[in-house]
Amino acid sequence: MSGCEKLKMFPEISEPMEHLTSLNLDQSGIKELPESIENLVFLKELSMHGCKDLEFLPNRLSKLTNLETIRLNHCSKFLKLPSLPPSLLYLSLDYCEKLKSLPELPSLCLDLYARGCTSLEKILKWRAPLLDDLDIDITGNRGDSVQTFDFYGCEKLEQNTCNTMLDNRAVIQILSRLKFVKAGNDNINVPVLRYPGYEIPKWFSYQTCGTSINNIMLPPYWNNDDFLALAFCIVLRRNN
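Residues numbered from 1 in each chain as written. Predicted model: local features only at pLDDT ≥ 70, side-chain atom pairs only at ≥ 80, totals over all residues. Heavy atoms only, no water.

An unreviewed UniProt entry annotates the chain as Disease resistance-like protein DSC1 of Ziziphus jujuba.

Q: Hey, could you run me through the sheet that holds strand 1 (residues 22–24) in this one?
A: Strands pair in a sheet through their backbones, by hydrogen bonds, and they do so in one of two ways: parallel or antiparallel. With parallel pairing, seven strands are arranged side by side in an open sheet as 1-2-3-4-6-8-9. With partners counted over all chains shown, the strands left at the sheet margins are strand 1 and strand 9 (192–194), one partner each. Each neighbouring strand pair of the sheet contributes to a mean axis angle of 5°, computed without reference to strand direction. Direction of pairing for strand 3 (residues 69–71) relative to strand 4 (residues 90–92): parallel, over a ladder of three bridges. Following the sheet pairing, Thr69 is matched in strand 4 by Tyr90. (Pairing = 2+ DSSP bridges. Helix = DSSP H or I, 4+ residues; strand = E, 2+ residues; numbered from the N terminus. Axes fitted to C-alpha atoms, helices over the stretch in contact; angles between N-to-C directions.)

Q: Explanation requested: the packing of aromatic side chains in the structure shown.
A: The geometry of two aromatic rings is summed up by the distance between their centres and the angle between their planes. In this structure the tally under the stated criterion is one aromatic pair. Where Tyr90 meets Tyr113, the ring centres are 5.8 Å apart and the plane angle is 45°; that geometry is what we call tilted. Of this pair, Tyr90 sits in strand 4 while Tyr113 sits in strand 6 (residues 111–113); the two residues are 23 residues apart in sequence, bridging distant segments of the chain. (Phe/Tyr/Trp six-rings, centres within 6.5 Å; stacked < 30°, edge-to-face > 60°.)

Q: What is the right way to read the nonpolar core from this model?
A: Side chains of nonpolar character tend, in soluble globular proteins, to be buried together. One finds Met48, Leu72, Leu91, Leu102, Leu112 and Phe151 to be the most contacted residues of the largest nonpolar core, which totals 44 residues. Here the element with the most residues in this core is helix 1 (residues 159–182); it accounts for three residues. (Core = buried A, V, L, I, M, F, W, Y, C linked by side-chain atoms within 4.5 Å. Buried < 20%, exposed > 50% of the residue type's maximum accessible area, 1.4 Å probe, protein only.)

Q: Help me understand the confidence of the model for the chain in this model?
A: Close reading of the predicted structure is inappropriate where its pLDDT is low. Of the residues in the chain, 81% have a pLDDT of 70 or more, and the chain-wide mean is 82. Of the regions scoring below 50 in pLDDT, residues 136–144 engages in 21 contacts with residues more than four places distant in sequence or in other chains. (pLDDT = per-residue confidence, 0-100. Contact = heavy atoms within 4.5 Å.)

What follows is the structure, given as structure tokens:
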């Protein structure tokens, strides 16, 4: 139903629907979804890109235990996310300019885009996954995809969110990559995390100002199977 600009209300879903896995309402006139959306029991993907009148999603969205993808890019009036289902892997909120906070993020949410969310101030919580929880199609699309967390342009993010929660998430991403490599996936892309800030986390051993860094002392096992990863952090100043 993408592009249906005159579609303002979504019908009630009176009973469980077991065959609908994807719902596309991109650039429609939808203002809200009913709480009965919980009856889309096998829904995996919800896309509402460019729904300019959408302000909320129903609270019962968390009941959709098969939901893996939510896209809400360019929903300019969107104000608040409800609790999210633990199955969620991908969340895109680019340019939701009125969104001020994110609820507790599921531990398996490995791709999150919030570029241009200029009112975003905080993330309530981001549950850390156990490594045993990271068996997400290791030999398929998830294992060789780029894990990205992008908060570019979120200048109002509080420092606790930036310097604690997002820093910790970076460590978790490195650990998750280790599990994928040990599972036999040698062609692994580098996870990327981008957010506003002015400090390099203290756990980076070698730090300097300028365009280069020298005299890095790598451990003696850096080129064998016991070496975990090499992490880089760069602080860039934007020239307006």
